[in-house]
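Descriptive structure summary
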Amino acid sequence: MKRIGTKYRWLTVAVLLGLTASTSTVLGADNYQLSDMTVYGERAHGSSTTEAIKPLGVVADQEQSAGLLGSKDTLDMPFTSMTLTKTSLDYFGGPAKGPTDMISLNPSVRDSSTSLYNDISIRGFKINGHAMYLNGIPGMLDQQHATEVYIDKATVISGPNIGIGGTPAHESAAGIVEFTSRKAQDKPNTDITLGYTGGSSMREAIDIGRRFHNNRYGVRIMADNIHGNTVIKGENIKSHNMFVNVDQKTSHSKTNLLVGYNYMNQHASPHTFSFDSSLTSLPKAPKANRSYKPSFSYNEFDNWIVTLNHEQKLNDYVTAFFNGGYHREDWYGYIDGSPRILNGAGDYRINLTNWPLGITTKHAGIGIKGKFDTGSVKHDYVLNVDRHWYEGTGGNVDTWGHNGSVNVFGNIYTRMLDDSAYYTGNRQEGGAPWSSTQVMTGWHIADTISTKDDKWQFLVGLHGHNATLTRRNQSKQTYHGINPTYAITYKFSPNLSVYASHSESFMMGQTVGNSYANKGETLDPNKTKQNEVGVKLKNRNLLHTLSLFEIKQANYNVDANNYYRQFGHQKDRGVEYTVTGSVSPKLDIIGGFAYLNAKQSLNGLQVNGTAKWSGTMGLIYKPNTKLSIIGRAQYLGKATIQSERYTVPSHVTFDIGTNYDTKVSGTDMTFKAMLYNVFGKDCWVPMANNNSLILGQPRTFVMSATMHL
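My aim in this report is to walk through the structure given alongside it, one point at a time.

So, how was this worked out
In this numbering scheme, every chain counts its residues from 1 along its sequence in written order. With the structure being a predicted model, the display of local features is reserved for residues of pLDDT at least 70 and the display and counting of side-chain atom pairs for 80 or more, all residues being used for whole-chain, interface and lining totals. Calculated side-chain values reflect all of the structure's heavy atoms, with hydrogen atoms and water omitted. In this description a helix means any DSSP run of H or I spanning at least four residues, a strand means any run of E spanning at least two, and both kinds are numbered starting from the N terminus. Every radius of gyration here is taken over C-alpha atoms, with the globule rule written as 2.2 Å times N^0.38, N being the number of residues. Each residue is assigned to one of three classes by its accessible area relative to the maximum for its type, calculated with a 1.4 Å probe on protein chains only: buried under 20%, partly exposed between the two thresholds, exposed over 50%. Contact criterion: two residues are considered in contact whenever any of their non-hydrogen atoms come within 4.5 Å of each other. Strands are labelled as partners when DSSP assigns at least two bridges between them. For this analysis, a ring pair means two rings from Phe, Tyr or Trp (six-membered ring only for Trp) whose centres lie within 6.5 Å, classed as stacked if their planes differ by under 30 degrees, edge-to-face if by over 60, and tilted for the remaining angles. Salt bridges, as used here, are contacts in which a Lys or Arg side-chain nitrogen is within 4 Å of a carboxyl oxygen on Asp or Glu. Here an angle of 0 to 180 degrees is reported between the N-to-C directions of two axes, which are lines fitted to C-alpha atoms, with helices fitted over the stretch in contact. A patch consists of residues exposed above 30% relative accessible area that lack any salt bridge, with like charges linked at up to 9 Å and nonpolar side chains (Val, Leu, Ile, Met, Phe, Trp, Tyr) linked at up to 5 Å. Note on areas: Shrake-Rupley with a 1.4 Å probe; residue coverage comes only from the protein chains shown. By the counting rule applied here, Lys and Arg register as positive and Asp and Glu as negative, while His and the ends of each chain are not counted. Note that the charge is assigned to NZ on lysines, CZ on arginines, CG on aspartates and CD on glutamates. Take the buried Ala, Val, Leu, Ile, Met, Phe, Trp, Tyr and Cys residues and link them wherever side-chain atoms come within 4.5 Å; each set so joined is a nonpolar core. In protein, a polar contact means a hydrogen-donor-capable atom and an acceptor-capable atom, both N or O and within 3.5 Å, with residues adjacent in sequence counting only if both atoms are side-chain atoms; elsewhere, any N or O pair within 3.5 Å suffices. Both cavities and pockets are sets of points on a 1 Å grid over the protein atoms alone; in a cavity a 1.4 Å probe fits but cannot get out, in a pocket the set is open with protein on both sides within 12 Å along at least five of seven lines, and lining residues sit with an atom within 4 Å of a point. Grid points are joined across faces, edges and corners, and a volume is the space filled by probe spheres set on the points. Classification convention: Asp, Glu, Lys, Arg as charged; Ala, Val, Leu, Ile, Met, Phe, Trp, Tyr, Cys, Pro as nonpolar; all other residues, Gly among them, as polar.

Take the overall build of the protein chain next. Secondary structure assignment for the protein chain yields four helices and 43 strands. Since a compact globule built from 709 residues should have a radius of gyration of about 27 Å, the 25 Å found for the protein chain is in line with a globular shape. Principal-axis analysis of the C-alpha atoms gives the protein chain an extent of 70 × 60 × 60 Å. For the protein chain, the residues scored as buried account for 55% of the 709 residues in total. Once local pairs closer than 6 in sequence are excluded, the contacts in the protein chain between residues at least 24 apart make up 66%.

Below, the structure is given as structure tokens:
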């Protein structure tokens with residue numbers, strides 16, 4: 001116990017800080033002075049577009065998106081949830097990770113992303129952009145580095161809760177991550193940003209918002225351009241993004257249309273490292289500020305994104321809605337691979353492949369929702385049917401390198417890199433052959449039943465899904481399943497609630513990756529089940545959440561012949577604590593800690609890449625209305641990979657920065673500076689359910705200036 005107490009002392013201090021701050025507001029209630037606040041409301045007969053929110057400091061909202069259930073107060077949500085505002089993205093979002101830096105403020109989320117892929121895990125289950133939601137619609141995001149230019153908010157609901165979200169193509173057992181696009185506000189904005197993003201890379205951005213016709217209609221145009229050599233030596237990035245959001249709102253309807261285009265060209269961008277089974281121990285992490293790939297390796301892709309949401313109030317009891325989306329991800333330029341470390345001296349090999357691919361995703365859902373009373377009981381219901389189409393193209397280009405691949409060699413410590421075997425003949429871009437089509441049809445029924453005083457709330461729901469998968473050179477496969485979602489919440493007071501919930505999900509089985517002997521095979525589907533209990537307390541301006549959970553899912557692993565199969569079950573049990581809000585008028589806080597015990601049922605071993613302890617704590621100190629000083633600490637405990645053969649050491653990283661609002665020649669300006677990984681810690685970072693590791697981000701200094709015209 002002494003060892004644990006010392007090692008995780010900073011987590012204890014963080015929790016005590018949150019609890020002490022909450023207690024101090026009670027003890028000093030007679031002399032407590034409320035901070036300045038802005039209250040947004042809607043006119044009785046107007047068309048204001050500003051949502052009525054309850055802010056928790058400057059980086060989170062108490063009013064949260066609950067998918068198909070609509071907007072809810074977090075104290076009424078029977079799940080662990082958090083909604084992060086654009087301010088959290090402005091303060092903490094870095095050039096390499098962007099939105100991942102935002103959502104990793106939630107202790108449920110563990111970051112395993114790089115500048116190439118924005119991967120995370122929640123409660124021991126990996127999730128990437130393909131399983132995330134945009135404006136309530138699944139499948140609208142790509143797996144690669146996510147642009148942040150159009151993002152307004154992000155909501156994280158932990159656990160397999162697709163029973164309250166639209167039907168995705170891929171199971172999101174980890175949780176629902178939903179991004180919301182920016183809308184034009186009542187006050188016009190014209191913001192122009194020039195930023196330095198590390199190395200010799202720069203960013204230019206523009207954000208223009210206007211409302212028309214007595215504020216009924218709004219248009220927001222958001223674009224940016226990122227280019228140059230990054231802080232990682234050898235990596236070069238070119239990115240162009242443009243998004244337009246159009247919305248309208250009346251007393252009986254509201255509509256939102258988002259149209260966007262994203263282009264990215266990344267050379268020698270780092271990602272994972274794998275390890276040869278002959279190693280006797282895990283090599284020390286090399287320097288994180290350089291790429292270990294040859295300069296000719298690259299990923300070039302673009303994305304077209306369209307989302308449409310509409311609600312029409314039919315009467316006082318019924319509102320009809322439609323959610324639809326289209327996403328085309330075209331990964332036409334690809335020569336890439338990941339280093340495999342061969343020995344303790346740090347020698348490695350990269351098997352580079354030419355593998356263009358593409359993904360087309362479409363989604364359409366309709367439904368009705370509303371409220372009615374039956375005697376002394378209130379009902380808040382939703383009925384929804386939807387369909388999701390997912391078509392994939394991809395394949396190795398065998399003519400490149402004569403067999404579709406090229407090996408290069410190097411050493412992670414000596415910086416040696418031998419790419420003399422690079423063969424340029426017949427390299428192919430685009431034109432990837434069709435590989436699979438997946439169609440998911442789903443339905444959702446949910447009713448939140450509450451007493452007149454709202455002390456008791458009962459969520460009862462069912463959701464069903466039918467999946468059809470057609471793959472090249474394989475017969476058609478069809479699966480179906482029906483799952484319940486139910487929960488109970490009791491509110492002792494408007495600021496104190498306890499809850500218990502059970503949720504289940506069913507999705508298609510995993511498709512085996514290219515590194516296994518049975519690559520391309522689709523595994524049998526399975527259900528994921530979660531039980532959770534928790535308590536939520538809002539004391540003055542601080543919200544505390546404490547939850548206990550258990551998740552059970554079929555376990556996947558590799559056998560002696562390198563076949564990826566289901567083996568027994570994975571059971572994840574844990575505890576999470578979060579605190580969000582204002583400690584005082586000048587100090588905001590967000591963070592918490594998580595304990596996760598993820599075990600494989602067959603052998604009792606820890607699930608690969610899952611650390612037991614993690615924590616995060618962000619602080620925003622505002623000495624005056626113009627200046628904000630920002631700090632963050634992130635901790636990840638030790639983990640194991642390859643069935644506990646190798647131990648990945650724990651690490652702590654720190655970020656610090658500042659934002660300053662002022663006027664320059666009569667123009668409002670915001671200046672930002674941030675230093676990520678202050679002490680330049682080089683460390684391995686595990687990935688949930690994976691035997692590969694990534695390198696933590698190197699020390700990175702960024703700064704920007706924004707003109708508000």
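Right, picking up where we left off after that structure.
Turning next to the sheet that holds strand β9 (residues 133-134). Spatial ordering of the open sheet is given by β1-β2-β5-β11-β12-β9-β10, a layout of seven strands whose pairing is mixed. If you trace the sheet from one side to the other, it starts and ends with β1 (55-56) and β10 (137-138), each paired once. Examined bridge by bridge, strand β11 (residues 151-158) and strand β12 (residues 175-181) share seven bridges and lie antiparallel to one another. Bridge assignment links Ile151 to a residue of β12, and that residue is Ser181.

Before going further, it helps to examine the packing of aromatic side chains. Taken as a whole and judged by the stated rule, the model has 17 aromatic pairs. Consider the rings of Tyr261 and Trp304, whose centres lie 4.6 Å apart with planes at 45 degrees: the pair is tilted. Highlighted residues: Tyr261 in strand β17 (residues 253-267) and Trp304 in strand β19 (residues 298-313), separated in sequence by 43 residues. Measuring from centroid to centroid gives 6.0 Å for Tyr577 and Phe593, while their planes differ by 40 degrees, and the two rings are tilted. In this pair, Tyr577 sits in strand β33 (residues 564-584) while Phe593 sits in strand β34 (residues 587-600), placing the two residues 16 residues apart along the sequence. Overall, the relative accessible area of 17% leaves Phe593 in the buried class.

Taken as a whole and assessed by the stated rule, the structure comprises 24 salt bridges. Look at the salt bridges and you will find they share partners, linking Asp101, Arg632 and Asp655 into a network.

Taking strand neighbours across the sheet as the criterion, the three strands line up as β6-β7-β8 in an open arrangement whose pairing is antiparallel. If you trace the sheet from one side to the other, it starts and ends with β6 (109-111) and β8 (125-127), each paired once. Averaged over all adjacent pairs, the angle separating strand axes in this sheet is 35 degrees, with direction ignored. When strand β7 (residues 120-122) meets β8, the two strands line up antiparallel, connected through three bridges.

On to a positive patch on the surface, then. A contiguous patch of positive charge on the surface is contributed by Lys527, Lys529, Lys552 and Lys571. Inspection of the secondary structure assignment puts Lys552 in strand β32 (residues 542-558). Here Lys552 falls in the partly exposed class, since its relative accessible area comes to 39%.

This part covers the nonpolar core. Ile103, Tyr150, Val177 and Phe179 are the most contacted members of the largest nonpolar core, which totals 44 residues. Dropping the residues within four chain positions of it, Ile103 is found in contact with Leu84, Val109, Ile120, Ala154, Val156, Val177 and Phe179. Judged by nonpolar contacts, the second largest core, of 24 residues, contains Phe275, Leu282, Tyr298 and Trp400.

This part takes up the pairing of strand β14 (residues 202-212). Burial along β14 is one-sided: Arg203, Ala205, Asp207, Gly209 and Arg211 are buried, and none of Met202, Glu204, Ile206, Ile208, Arg210 and Phe212, which face the opposite way, are. One ladder, built from eight bridges, connects strand β13 (residues 189-196) with β14; its direction is antiparallel. Opposite Thr190, over in β14, you have Ile208 as the bridge partner. What sits between β13 and β14 in their antiparallel hairpin is a turn of five residues, with Gly198 showing a positive phi close to 100 degrees. In this sheet, strand β15 (residues 217-229) lies alongside β14 in antiparallel orientation, the contact comprising 11 bridges. Considered in β15, the bridge of Ile208 is made with Ile221. Counting the residues in the hairpin turn of β14 and β15 gives four residues, including His213, whose phi is positive at 55 degrees.

Our focus in this paragraph is the side chain of Lys536. With respect to the secondary-structure elements, Lys536 resides in strand β31 (residues 526-539). Buried charged residue Lys536 carries no salt bridge. Nearest counter-charge: Glu532, at 7.0 Å. Polar contacts involving the side chain of Lys536 include one to the main-chain carbonyl oxygen of Met77, which spans 2.9 Å. Reaching out from Lys536, the side chain makes a polar contact with the backbone oxygen of Phe79 at a distance of 2.9 Å. Sequence-distant contacts of Lys536, that is, excluding residues within four places in its chain, are made with Thr74, Leu75, Met77, Phe79, Ser81, Asn495, Leu496, Ser497, Tyr499, His544 and Thr545.

Turning to a nonpolar patch on the surface, a few remarks are in order. Residues Ile366, Ile368, Leu383, Val385, Trp443, Ile445, Leu462 and Ile482 make up a contiguous nonpolar surface patch of about 670 Å² in total accessible area. Taken together, the elements giving at least two residues each to the nonpolar patch come down to β23 (357-374), β24 (377-394) and β27 (434-451). Along the chain, the position of Val385 falls in strand β24.

Looking now at the environment of Ala320. Along the chain, Ala320 turns up in strand β20 (residues 319-336). Of the residues examined, Ala320 reaches a relative accessible area of 22% and is grouped as partly exposed.

Before going further, it helps to examine empty space enclosed by the protein. Per the counting criterion, the structure on display carries nine cavities of 30 Å³ or more. In this structure, the largest cavity occupies an estimated 110 Å³ of space. Taken together, 13 residues make up the lining of the largest cavity; nearest its centre are Asn118, Gly129, Met132, Ala146 and Phe179. Here the lining of the largest cavity takes three residues from helix α4 (residues 99-103), the largest share from any one element. Partitioning the lining of the largest cavity into residue classes produces seven nonpolar, five polar and one charged.

With that settled, consider the environment of Asn597. Considering the arrangement of structural elements, one finds Asn597 in strand β34. Counting along the chain gives 316 residues from Asn597 to Ser281, while the straight-line C-alpha distance between them is 23 Å. Ignoring any residue separated from it by four or fewer positions in sequence, one finds Asn597 in contact with Lys571, Asp572, Arg573, Gln606 and Lys612.

Not every positive phi belongs to a glycine, and His213 is a case in point at roughly 55 degrees. Within the secondary structure layout, His213 lies in the loop between β14 and β15. Among the residues examined, His213 registers a relative accessible area of 59% and is labelled exposed. The phi dihedral of Ser643 is positive, around 55 degrees, even though this residue is not glycine. Here Ser643 is to be found in the loop between β37 (639-641) and β38 (646-648). Overall, the relative accessible area of 31% leaves Ser643 in the partly exposed class.

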